Amino acid sequence: MTTQLKKGTLELCVLSLLSKADMYGFELVGAISAQIQISEGTIYPLLKRIKDEGYVTTYLRESQEGPPRKYYSITQSGRITLSTMETEWRNLSTGINKILEGVTS
C-alpha cells in the first residue's frame, strides 16, 4: 500500500479504535500494525493533529512499567467525524470494488 493511501486512512483507523476504548500511542501503533504496516513516526503527528482539531482529548494514567502514559479518548466531535468518515469509506470501497470486479454500470 502506498504511503499516501495509508495516511488517508489512518485517521479513520485511529478514531475507530478509540471509539471502542481509550488507548495510549504505542498501543495504537501495535493495534494498527497488526493489520497495516506503519511506524510510530506516522501515528504521533496524526494524534497531535486530531487532538488540535478537537477529535480526541488526552489524560495521563500511571503505568507499572515506567512513567505515566498519555491516553487518548475520542470526543463527541470525534465520534461525529468518525461516522462521516465511515460512510465515506464504505461508499468509496464499494465503488472501487465494483470497478475492480468489472462492473461499470
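Everything below is about the structure shown above.
Read on for an overview of the structure. Predicted model, so just to flag it, every value in this text is computed and none were measured.

A few points about the overall build of the protein
1) Next: Regarding its fold elements, the protein presents four helices and three strands.
2) Next: Along the longest, intermediate and shortest principal axes, the C-alpha atoms of the protein span 55 × 30 × 20 Å.
3) Next: Here the protein holds 105 residues, and 31% of them are scored as buried.
4) Next: Counting only contacts in the protein whose residues sit at least 6 apart along the sequence, the fraction spanning at least 24 positions is 50%.
5) Next: Here the protein contributes 12 positive and 11 negative side-chain charges, whose respective centroids are spaced 2 Å apart.

Here we look at the pattern of salt bridges
1) Next: Following the criterion strictly, the structure yields four salt bridges and no others.
2) Next: Of the charged contacts, one joins Lys48 and Asp52 as a salt bridge, the two residues approaching to 2.8 Å between their closest N and O atoms. Of this pair, Lys48 and Asp52 both sit in helix 3 (residues 40-52), four residues apart, roughly one helical turn. In terms of burial, Lys48 and Asp52 fall into one category: exposed.

Side note on the pairing of strand 2 (residues 56-63)
1) Next: Summarising the sheet, strand 2 and strand 3 (residues 66-74) pair through seven bridges and their orientation is antiparallel. Residue Leu60 lies in a different strand from strand 3, and its bridge partner there is Lys70.
2) Next: Counting the residues in the hairpin turn of strand 2 and strand 3 gives two residues.

Digging into the sheet that holds strand 1 (residues 23-24)
1) Next: The three strands lie next to each other as 1-3-2, forming an open sheet whose pairing is antiparallel. Whereas interior strands pair on both sides, the edge strands pair on one side only; in this sheet they are strand 1 and strand 2.
2) Next: Here strand 1 runs beside strand 3; their pairing, made up of two bridges, is antiparallel. Within strand 3, the residue paired with Met23 across the bridge is Tyr72.

Examining a nonpolar patch on the surface
1) Next: Together, Trp89, Leu92, Ile96 and Leu100 line one region of the surface with nonpolar side chains, adding up to about 420 Å² of accessible area.
2) Next: Turning to its location among the elements, Trp89 is positioned in helix 4 (residues 76-100).

A word on helix 2 (residues 25-33)
1) Next: The set of residues buried in helix 2 consists of Gly25, Leu28, Val29 and Ile32. The buried residues of helix 2 occupy an angular sector of 100° when projected down its axis, which confines them to one face.

What to know about the nonpolar core
1) Next: Counting 21 residues, the largest nonpolar core has Val14, Leu15, Leu18, Ile43 and Ile50 as the members making the most contacts within it.
2) Next: For this core, the elements supplying multiple residues, two or more each, are helix 1 (3-20), helix 2, helix 3, strand 3 and helix 4.
3) Next: For this core, the element with the most residues is helix 1, which contributes five residues.
4) Next: Setting aside residues up to four positions removed in sequence, Leu18 forms contacts with Met23, Leu28, Val56, Tyr72 and Ile74.

Rules used in this analysis
Residues numbered from 1 in each chain as written. Predicted model: local features only at pLDDT ≥ 70, side-chain atom pairs only at ≥ 80, totals over all residues. Heavy atoms only, no water. Helix = DSSP H or I, 4+ residues; strand = E, 2+ residues; numbered from the N terminus. Buried < 20%, exposed > 50% of the residue type's maximum accessible area, 1.4 Å probe, protein only. Contact = heavy atoms within 4.5 Å. Lys, Arg positive; Asp, Glu negative; His and termini not counted. Charge placed at Lys NZ, Arg CZ, Asp CG, Glu CD. Salt bridge = Lys/Arg side-chain N within 4 Å of Asp/Glu carboxyl O. Pairing = 2+ DSSP bridges. Patch = residues over 30% accessible without salt bridge, like charges linked within 9 Å, V, L, I, M, F, W, Y side chains within 5 Å. Areas by Shrake-Rupley, 256 points an atom, 1.4 Å probe, with all protein chains shown as cover. Arc of directions from axis to C-beta. Core = buried A, V, L, I, M, F, W, Y, C linked by side-chain atoms within 4.5 Å.

What is shown is where atoms sit, not what they do.
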